[in-house]
Amino acid sequence: MSHKNPPYSRILGTGSFLPPNRLTNADLAAQLAKDGVETSDEWIVGRTGIHARHFAAPGVTASDLALPAARAALEAAGVAASEIDLIIVATSTPDMVFPSTACLLQHKLGIAGGAAFDLQAVCSGFIYALSVADSMIKTGAATKALVIGAEVFSRILDFKDRTTCVLFGDGAGAVVLGASQTPGILATDLHADGSHAGILCVPGTVSGGLVLGSPLLTMDGQAVFKLAVGVLEKTARAVLDKAGLTDADIDWLIPHQANLRIMHSTAKKLKLPLDKLIVTVDQHGNTSAASIPLALDHAVRGGQVKPGDTVMLEGVGGGFTWGAVLLNF
Ligand code: UT7
């Protein structure tokens, strides 16, 4: 029997979830001050654009955050959980060493049988996951996928290190990606360079019943900043070239939400007015793999991103990893 694979994949619905505990910069600064760690709303806003972040309650895991995000995306797509034959969860803060957060989420959704796995590309994780799901749908390996970024970065923050702990937050974002006769995802572009592993990492590992090395995030912020600005422009240009489009075709830029200064710099290089840039870092902080699908869902529900719009998603993070997805929403 001959089987013709659908030519495209397309986002059918989006969803997201933020844990209810919201901390403003002032809240966080007051908490840190108790341990003698000095910071201020002025410094955090000035250097990053972040005003607030959400932290999950103790015991709440990445799959707990992913579940309501996934349900919201399924509802928006008009797709039943039972139709999902692929789940990819992009996360660097999985529920456990194994099984994967995706398997745990699959069970929480009350389904079984389809493929489910986690994908680890840190802050580029959602870009990688969307690209992999797109490929699997185009080859016929899957027909309807849940692609999710879910993180509880608060678990790996060193609250004695003011250079990192003020930057991150927890949350989850999800999309349902389905086979389609019309585009959809127009082009994807993925890269990595492991020689930069040391500038952003959680070096610890589990061995012999112990954690060997630090289980907390460490970052050389300036080195990450410099690399990020360069590679984000390159990957944006590469994905536009692959799709045969130009800067002027972009309706919305939804970059990884790490630092408003990096986001403004990318928009400027693409000659995009700032009102085409979706910003949620101010309210969410950096939620790593969750940041792009969270921002996408907020932009869709906020009435900014509309069906037919050309949307550029792009991310950069630990690894070093980076990449972009250009799509017709
Ligand atoms: O998600 C993956 C991608 N990650 C990123 O994209 C992060 C990229 N990097 C950045 O966003 C920025 O480098 C940071 C926001 C992390 C830091 O901004 P910066 O402008 O590079 O600041 P800096 O590291 O040069 O620090 C400037 C000063 C230092 O004091 P001195 O040495 O000038 O006296 C720091 O000690 O700011 C001080 N500082 C703080 N002060 C108050 C660092 N953190 C804080 C803080 N509160 N939280």
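Just so we're clear, the structure is a prediction, and the values are computed from it rather than from any experiment. (Residues numbered from 1 in each chain as written. Predicted model: local features only at pLDDT ≥ 70, side-chain atom pairs only at ≥ 80, totals over all residues. Heavy atoms only, no water.)

This brings us to the site of the ligand. What surrounds the ligand is a group of 23 residues, the closest being Thr 39, Arg 162, Gln 222, Asn 259 and Asn 286. Between the ligand and Arg 261, the relevant distance is 3.1 Å, taken from an oxygen atom to a side-chain nitrogen or oxygen of the residue. In this structure, an oxygen atom belonging to the ligand sits 2.6 Å away from a side-chain N or O atom of Asn 286. Alone, the ligand offers 970 Å² of accessible surface; in the complex the protein occludes 75% of this. Those elements giving two or more residues to the shell around the ligand turn out to be helix 2 (41-48), helix 6 (162-165), helix 7 (221-243) and helix 8 (260-269). Among the elements that line the shell around the ligand, the one with the most residues is helix 7, at four residues. Residues of the shell around the ligand, tallied by class, amount to 11 nonpolar, eight polar and four charged. Summarising the domain contributions, the shell around the ligand has at least three residues from each of domain 1 (8-180) and domain 2 (185-328). (Near = heavy atom within 4 Å. Polar contact = N/O pair within 3.5 Å; in protein donor to acceptor, adjacent residues only side chain to side chain. Areas by Shrake-Rupley, 256 points an atom, 1.4 Å probe, with all protein chains shown as cover. Helix = DSSP H or I, 4+ residues; strand = E, 2+ residues; numbered from the N terminus. Nonpolar A, V, L, I, M, F, W, Y, C, P; charged D, E, K, R; others polar. Domains from an automatic or database assignment.)

When we look at burial in helix 4 (residues 101-108), the residues that qualify are Thr 101, Ala 102, Leu 105 and Gln 106. Around the axis of helix 4, the buried residues are gathered within 140° of arc, so they sit on the same side. Gly 110 sits one or two positions beyond helix 4 and adopts a positive phi of about 75°. (Buried < 20%, exposed > 50% of the residue type's maximum accessible area, 1.4 Å probe, protein only. Arc of directions from axis to C-beta.)

Taken in spatial order, the four strands make up an open sheet running 8-15-14-13, and their pairing is mixed. A single partner strand is all that each edge strand has here, and the edge strands are strand 8 (185-192) and strand 13 (252-255). Direction aside, the axes of adjacent strands within the sheet are offset by 10° on average. Judged from the four bridges that link them, strand 13 and strand 14 (residues 310-317) form a sheet pairing that is parallel. Paired with Trp 252 across the bridge in strand 14 is Val 311. Relative to strand 13, helix 10 (residues 291-301) is tilted by about 145°, and along the sheet it contacts strand 13 and strand 14. (Pairing = 2+ DSSP bridges. Axes fitted to C-alpha atoms, helices over the stretch in contact; angles between N-to-C directions. Contact = heavy atoms within 4.5 Å.)

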